[in-house]
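What follows is each chain in one-letter form.
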Amino acid sequence: MRHHSVRTLLVFCSLLSLSFSSLSAAESDLQNWLKQPILEKDQPWKEVQAFIAPKVPGMPEVNSVTEWEKINDRIRKEVLDKVVYRGEAAKWRDTKLNVVWGETIPGGPEYKIQKLRFEAVPGLWVPALLYIPNDLTGKVPVVMNVNGHDRNDGKAADYKQVRCINQSKRGMLALNVEWLGMGQLNSPGFTHYKMNQLDLCGTSGLAPFYLAMKKGLDVLLAHPNADPQRVAVAGLSGGGWQTIFISSLDERVTLSNPVAGYSSFLTRDYHTKDLGDSEQTPNDLALYADYTHLTAMRAPRPTLLTNNSKDNCCFESGYAQPPLLKAAFPIFKLYDKEENLQKHINDDPGTHNFLKDNREALYRMLSAHFSEPGKPLPVEEIPCDEELKTAEELQVELPADNADFHTLALKLSQDLPRPAKKTTPEKQRAALKKLISAPESKVIGTKVDHKSTGDTKVTFWKLKVDQDWTVPAVEFSRGSAKSTTIVVADAGRQSLAATVETLLAQGQNVLAVDPFYFGESKISQRDFLYGLLVAAVGERPLGIQASQLAAIARWLKADQKQSTVQIQAVGPRSSLFTLVAAAIEPAAITGVSLQDSYGSLKEVLEEDKAVSQAPELFCFGLLKAFDIKELTKLAGRDRVTFLSPSERVKRELSEVEVQKDVDYLGAGREEKLDLYLPDTRLRKGPYPAVVIIHGGGWHGGDKGARREINIGTNLAKAGYVCASINYQLAKKQSRFTDNLKQVWPGHLQDCKTAVRFLRKHADKYQIDADHIGAIGGSAGGHLVAMLAVTGDDPQLEPEEPYAGFSSRIQAVVPMYGAHDLITLAKSRDLLSSFSEEEKSLSKQASAVSHISDDDPPFLILHGTRDALVPVEQSELLQAALKKGGIPTELIIIEGAPHSFHLQPKQRDLRPAVIGFFDQHLKPQK
């Protein structure tokens, strides 16, 4: 509830909306200065490399197995608890194995293939194939074969099939598991850069990858012939990453063969072709372990590192393999098992592959460690090209609604954010700084050039932030103002000429800057992958950007003696880090103006964005604790201006004013209405209006019930004046006609009076009197439908008050109401006991009896689990309306009970209801 305040909170400011279609002569000069380079070539790239390198942990010096195993156990626990199983993933960790076995198809002469799918996380099923030797007796080795970025073929890739077939021909159980995003799971929602949507919600996007591997091992080891002492994992590229990750953290894996699949974070920092996808560079992994540690954690279990000498993709043997061996060999030596750490370098063809030479290296490893005594397994590949299957033949049935990263994130976001309770702004600010890893940075400014034209002075700056970053900045001034506006933009400072000119004309000094990742500070090589690596070492791109802005603001005040410092941002990304900067630095930042800001971080998910598009938007756990509304409050509502705010900004950040118990029926009546009024600071009137009519069987209910508050608040945020009314009620009787006859048609006339009241007071409440709608549930659903079909009916119109005003409405949303009372009586076995008077009353009070061609459009809502009013009632109304030529839509909500508001757990109805009212009550411009 909002009350009037003399303070300006969120100002709708269109005066600063700018046109970039053309530039004046002065703006053209400004643009040339904004484009002038300040940094050295590749300086941002070199700085991010230098920033990351010292944060990659080195291997500890270890002198005994006991000492190492303590470190090993600690690393395993920290990586699993603090990286893999964060947030909701902690619950996914404990879900039981759920497998659906499919058909068994013939393989070659020695084996068959059984299709299956297993649930990696709730609702997310992974297809797999189990290669089973025909003559299977006793305990046999098992191998999980994972694949890399083979988007089209996935598990059907020929080189992977050959591997599985050869393993089964050697008497092993071979599991061919599909990788998320590949083969059958090659869909937009499984794009690897979208796993970070889960991160934004505070749940590890890495978890589905890890659990898909863990559950795959569970499937293998649940087989009665599986030997738990002989368990192998092998895969190429992304499969190589999977192999080392599961093999180091899951102690059940006794033999591991990652092929061209990973390197140290330090190696990747300087060899850009090794920079990996989101799952290979998860948030905070390097706080606990580098891939050197993961390799050493394999000790003393047999491990074969395979790399290719001329790898055209990544992880080339010459630079990727040595640091891993150097880290792991001393640990294997502690166990006196140096021979268990093997390497293989492929020269034929030497490119990115898991072809015959690399496969035979694996067979040699399997023979050395998995052979029965006196029965060595063959090391040469067994030809099987004739036995390869097509992808169609290997297809596994999956649920049509199989979850993916995107749908999981959308589901998680429904109840977010969850702000801390019983907190203070100081505690919130500290929590935000920790969440975004924002240091208290210091700026040292160095002037690199100076120019002037007329009364415009231009100074070019290098702003050194904590010896880590150099932020390029261009300062503009006309006169001796003591107020500076920092300007930033998604498109970089060179796009801000018109903005700079406008601010200069207003008497401001202007400092145009390019913070981390933007404009001239954009990383020249594989930029967003460095953004991932920044997060992997425990930092956050969002924290770097916000800290840079906050530090620059402090520098302007302390060193440049500016009395006030404001920031103006153009673009959703710049608006976010600017808002965060204002939230963490209220002392130095006087105010911020945001152009094209998000209204909610949920828009990032709804737009299905990937981290490759905007790394800072996916700051781990940000949405779980803070949305735009919470950040705005922390920054100071009176300090945040949204320029040309979007509808989402208006809806999310509006503060609804509620005027309770307004007299609308005149003297002698106790029933009142509550008014829900839009935020005049974000929306300008006149506003369409909606009457809200409560339910309660015509004998109960209240205008201030939870449903009515929900509807009134949501519609007022969307720009509607809402009147939630109380009306005359009956004394409760068992039969609905006994209730109805006590109040008919008086309660309907009260509803009509409410419409008249709104038209009478249109000027007072800034109401568009030509556009009024109604919404109600249950008995209220019945009444709003009657209101719609009896507009200005002289037989049902009240005489007073406001007799000169129409009660006709222009759109209506009846929710789970009764609209054909004769049919309702039949469904309740009452009709045979009705008197003629009751039959006449039931017909007169039924909306289906009054439909005419000038009735307004209807949106009808009903739930399938309504135990009080059958869905048939809404279906009968829709049929009658269609017959009468009235625009109508019926939405049936699966699983919804009799009573619900606009946000039942089954479905968010706000888009449908607000969209319907917008279409019919807001004049099209």
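To be clear, the structure that these remarks concern was listed above.
Conventions adopted
- Residues numbered from 1 in each chain as written.
- Predicted model: local features only at pLDDT ≥ 70, side-chain atom pairs only at ≥ 80, totals over all residues.
- Heavy atoms only, no water.
- Helix = DSSP H or I, 4+ residues; strand = E, 2+ residues; numbered from the N terminus.
- Buried < 20%, exposed > 50% of the residue type's maximum accessible area, 1.4 Å probe, protein only.
- Salt bridge = Lys/Arg side-chain N within 4 Å of Asp/Glu carboxyl O.
- Pairing = 2+ DSSP bridges.
- Axes fitted to C-alpha atoms, helices over the stretch in contact; angles between N-to-C directions.
- Contact = heavy atoms within 4.5 Å.
- Phe/Tyr/Trp six-rings, centres within 6.5 Å; stacked < 30°, edge-to-face > 60°.
- Lys NZ or Arg CZ within 6 Å of the ring centre and 35° of its normal.
- Right-handed = clockwise from strand over helix to strand, strands pointing away.
- Expected span 1.5 Å × (residues − 1).
- Arc of directions from axis to C-beta.
- Polar contact = N/O pair within 3.5 Å; in protein donor to acceptor, adjacent residues only side chain to side chain.

1. Focus: the overall build of the chain
- In terms of helices and strands, the chain carries 30 helices and 26 strands.
- Principal-axis analysis of the C-alpha atoms gives the chain an extent of 105 × 85 × 45 Å.
- Across the 925 residues in the chain, those meeting the buried criterion constitute 62%.

2. Notes on the pattern of salt bridges
- If you walk through the whole model with that rule in mind, you get 54 salt bridges.
- In this structure, K194 engages D608 in a salt bridge whose closest nitrogen and oxygen atoms are separated by 2.9 Å. Placement of the pair is K194 in the loop between β6 (173-177) and α6 (196-200) and D608 in the loop between α19 (602-606) and α20 (622-625), with a sequence separation of 414 residues.
- A salt bridge links E647 to R683, with the shortest nitrogen-to-oxygen separation between them at 3.0 Å. Taken together, the positions of E647 in helix α22 (residues 647-653) and R683 in the loop between β20 (672-677) and β21 (687-693) put the pair 36 residues apart, joining distant regions of the chain.
- Taken together, the shared-partner salt bridges in this structure form one network comprising K214, D218, D250 and R252.

3. Some details on the sheet that holds strand β24 (residues 811-815)
- An order of β19-β20-β22-β21-β23-β24-β25-β26 is seen for the eight strands of this open sheet, with the pairing classed as mixed. Each having just a single partner strand, β19 (657-663) and β26 (888-893) make up the two edges of the open sheet. Each adjacent strand pair in this sheet contributes to an overall mean axis angle of 20 degrees, direction not counted.
- In terms of strand pairing, β21 meets strand β23 (residues 767-777) through six bridges, oriented parallel. Looking at β23, one finds that V690 is bridged to G773.
- Across the sheet, helix α23 (residues 706-717) touches β20, β21, β22 (721-725), β23 and β24, and the angle it forms with β20 is around 35 degrees.
- The strands touched by helix α26 (residues 779-789) within the sheet are β21, β23, β24 and β25 (858-863), with β23 carrying the most contacts at an inclination of about 145 degrees.

4. With respect to the sheet that holds strand β10 (residues 341-346)
- Strand order in the open sheet made by the nine strands is β2-β3-β4-β6-β5-β7-β8-β9-β10, with mixed pairing throughout. Since the sheet does not close on itself, it has two edges, and those belong to β2 (99-106) and β10, each with one partner. Taking the axes of each pair of neighbouring strands and ignoring which way they run, one obtains an average angle of 20 degrees across the sheet.
- Lying on the sheet, helix α7 (residues 207-221) is in contact with β2, β3 (111-121), β4 (124-133), β5 (140-146), β6 and β7 (226-236); it crosses β3 at an angle near 135 degrees.

5. What to know about the environment of G863
- With respect to the secondary-structure elements, G863 resides in strand β25.
- G863 gets classed as buried once you look at its relative accessible area, which sits at 0%.
- Contact partners of G863, with chain neighbours within four places excluded, come to V871, I893, A896, P897 and F900.

6. Thoughts on the packing of aromatic side chains
- This model, assessed by the stated rule, comprises 25 aromatic pairs.
- Both rings, one in W33 and one in F476, keep their centres 6.5 Å apart while their planes meet at 45 degrees; by these two values the pair is tilted. In this pair, W33 is assigned in helix α1 (residues 25-35) and F476 in strand β13 (residues 469-477), connecting sequence segments 443 residues apart.
- Classification of F476 by relative accessible area gives buried; the value is 0%.
- Seen from their ring centres, Y262 and Y291 are 5.7 Å apart, and the 45 degrees between their planes marks the pair as tilted. Highlighted residues: Y262 in the loop between β8 (255-259) and α9 (265-270) and Y291 in helix α10 (residues 291-296), separated in sequence by 29 residues. Judged on exposure class, the residue Y262 and its partner Y291 are both buried.
- Between the NZ or CZ atom of R117 and the centre of the ring of W125, over which it lies, the distance is 4.9 Å.
- Note that R170 overlies the ring of Y363, its terminal NZ or CZ placed 4.1 Å from the centroid.

7. Notes on the pairing of β25
- Most of β25 is tucked away, with six of its six residues classed as buried.
- A two-sided burial pattern is seen for β25, the buried positions comprising F858, I860 and H862 on one face and L859, L861 and G863 on the other.
- Here β24 pairs with β25 via two bridges, running parallel. Looking at the pairing, V812 lines up with F858 of β25.
- Taken together, the six bridges between β25 and β26 define a ladder with parallel strand orientation. Bridged to F858 within β26 is T888.
- In terms of handedness, the path from β25 via helix α29 (residues 871-883) over to β26 forms a crossover that is right-handed.

8. Overview of helix α14 (residues 425-436)
- Across its 12 residues, α14 extends 16 Å between first and last C-alpha, which sits within 8% of the 16 Å expected from 1.5 Å per residue.
- Among the residues of α14, those classed as buried are R429, L432, L435 and I436. Projected onto a plane normal to the axis of α14, the buried residues spread over an arc of 125 degrees and lie on a single side. Seen from the buried face of α14, the exposed residues on the opposite side, beyond 90 degrees, are E426, K427 and K434.

9. Quick word on unusual backbone geometry
- The linkage connecting D348 with the following residue, P349, adopts the cis geometry, with an omega of 10 degrees.
- Checked against the element boundaries, P349 lands in the loop between β10 and α12 (356-370).
- A cis amide bond, omega -5 degrees, links W744 with the succeeding residue P745.
- Residue placement: P745 occurs in the loop between α24 (736-743) and α25 (746-760).
- The backbone of D336 sits at a positive phi, close to 60 degrees, despite the residue not being glycine.

10. Concerning the environment of E251
- Here E251 is to be found in the loop between α8 (238-249) and β8.
- When its relative accessible area of 54% is taken as the criterion, E251 is described as exposed.
- Each residue touching E251, except ones within four places of it in the same chain, is listed here: R76 and R301.
- At 3.5 Å, the side chain of E251 forms a polar contact with the side chain of R76.

11. Re the side chain of Q508
- Relative to the helices and strands, Q508 resides in the loop between α15 (497-505) and β15 (509-513).
- Judged by its relative accessible area of 13%, Q508 falls in the buried class.
- Here the side chain of Q508 touches T485 through a polar contact of 2.7 Å, side chain to side chain.
- Sequence-distant contacts of Q508, defined by excluding residues within four places in its chain, comprise S483, T484, T485, L503 and Q566.

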